[in-house]
Amino acid sequence: MKKTLFALAIGISSLSNAIAAPVQWAENGHWYEFVSEAVTWDTAFSAANSASYDGLQGYLATITSAEENLFVSSDIAGGSLAGLGGSDNGAANVNDWTWRNGPESGDAFTYTNWNGGEPNNCCGGEDYLHTNWGSVSYWNDHGGPGNPGQINGYVIEYSAMVPEPATYAMLLAGLVMLGINAKRRQAIFLTR
């Protein structure tokens, strides 16, 4: 009887892990996962960047549109406070926010959804981004020197970390030019 109960407990545990598997967003093909473990932003950053799913690299989620923000904040995080991949990196200017990881690493925010009065760099400095502050999908700055022990869950985004389409266009143009130059060299060699 004890063995049966143990096997049943293992089966239920496995089922709950399957239900918690990352979810794909059709708009960009990326996968997202909410980790409810309450940790500091630095711990979440390290854990997300060392995660992988189905061969895809993990990183704290980077939000680039209102649609993605709503999907991540509501559907993935379920309205819970959740760390995202943005930081002002302790900058004196609280509006100097960039993505710290993922394909947008180093890019300034092109989309924001700050809650009223945010970012405010409260309490001696808040350096990290989280969502669902005050209401679903609204952002807040938190953690850092002002709140070093502030803990939340976090959202991992998984993608292939591929360059932007413009990079592929430049690569293709370069390969075409190499091919043209190779044909010219061959033509010159054959005429000699």
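Keep in mind that this is a model prediction, so the values were computed, not measured. (Residues numbered from 1 in each chain as written. Predicted model: local features only at pLDDT ≥ 70, side-chain atom pairs only at ≥ 80, totals over all residues. Heavy atoms only, no water.)

K.L.:
Could you give an account of the pairing of strand β5 (residues 82-87), naming the residues involved and the relevant values?
P.N.:
For β5, the tally of buried residues reaches 6 of 6 residues, placing the bulk of the element in the interior. Relative to strand β7 (residues 128-131), β5 is paired through 3 bridges, and the arrangement is antiparallel. Residue pairing for β7: A82 is matched across the bridge by T131. By the bridge criterion, 2 bridges tie β5 to strand β9 (residues 152-159) in an arrangement that is parallel. The residue bridging A82 from the neighbouring strand is G153, located in β9. Across 2 bridges, the pairing between β5 and strand β6 (residues 98-99) is antiparallel. Counterpart to G86 in the pairing with β6 is W99. (Buried < 20%, exposed > 50% of the residue type's maximum accessible area, 1.4 Å probe, protein only. Helix = DSSP H or I, 4+ residues; strand = E, 2+ residues; numbered from the N terminus. Pairing = 2+ DSSP bridges.)

K.L.:
Let's hear about the side chain of N152: which residues, and what values?
P.N.:
Inspection of the secondary structure assignment puts N152 in strand β9. N152 sits in the buried class, given a relative accessible area of 6%. In terms of polar contacts, N152 uses its side chain to reach the side chain of H130, at 3.0 Å. Not counting chain neighbours up to four residues away, the residues in contact with N152 comprise E37, A38, V39, L81, G83, H130 and H142. (Polar contact = N/O pair within 3.5 Å; in protein donor to acceptor, adjacent residues only side chain to side chain. Contact = heavy atoms within 4.5 Å.)

K.L.:
A description of the environment of S74 should follow, citing residues and the corresponding values.
P.N.:
Tracing the sequence through the fold places S74 in helix α3 (residues 66-76). Separated by 62 residues in the primary sequence, S74 and V136 have C-alpha atoms spaced 6.4 Å apart.

K.L.:
Break down the state of the cysteines for me, citing the residues and quoting the values.
P.N.:
According to the stated counting rule, one finds 1 disulfide in the structure shown. A sulfur-sulfur separation of 2.3 Å characterises the disulfide bridge that pairs C122 with C123. Judged by its relative accessible area of 28%, C122 is partly exposed. Judged by relative accessible area, which is 49%, C123 ranks as partly exposed. (Disulfide = S-S within 2.5 Å.)

K.L.:
I'd like to hear about unusual backbone geometry, residue by residue, with values.
P.N.:
Of note, the amide linkage connecting E118 to P119 takes the cis form, showing an omega dihedral of -10°. Tracing the backbone through its elements, the reader meets P119 in the loop between β6 and β7. Positive phi, normally seen in glycine, also occurs at N132, with a value near 70°. In this fold, N132 is placed in the loop between β7 and β8 (139-142). On the basis of relative accessibility, which here comes to 6%, the residue N132 falls in the buried class.

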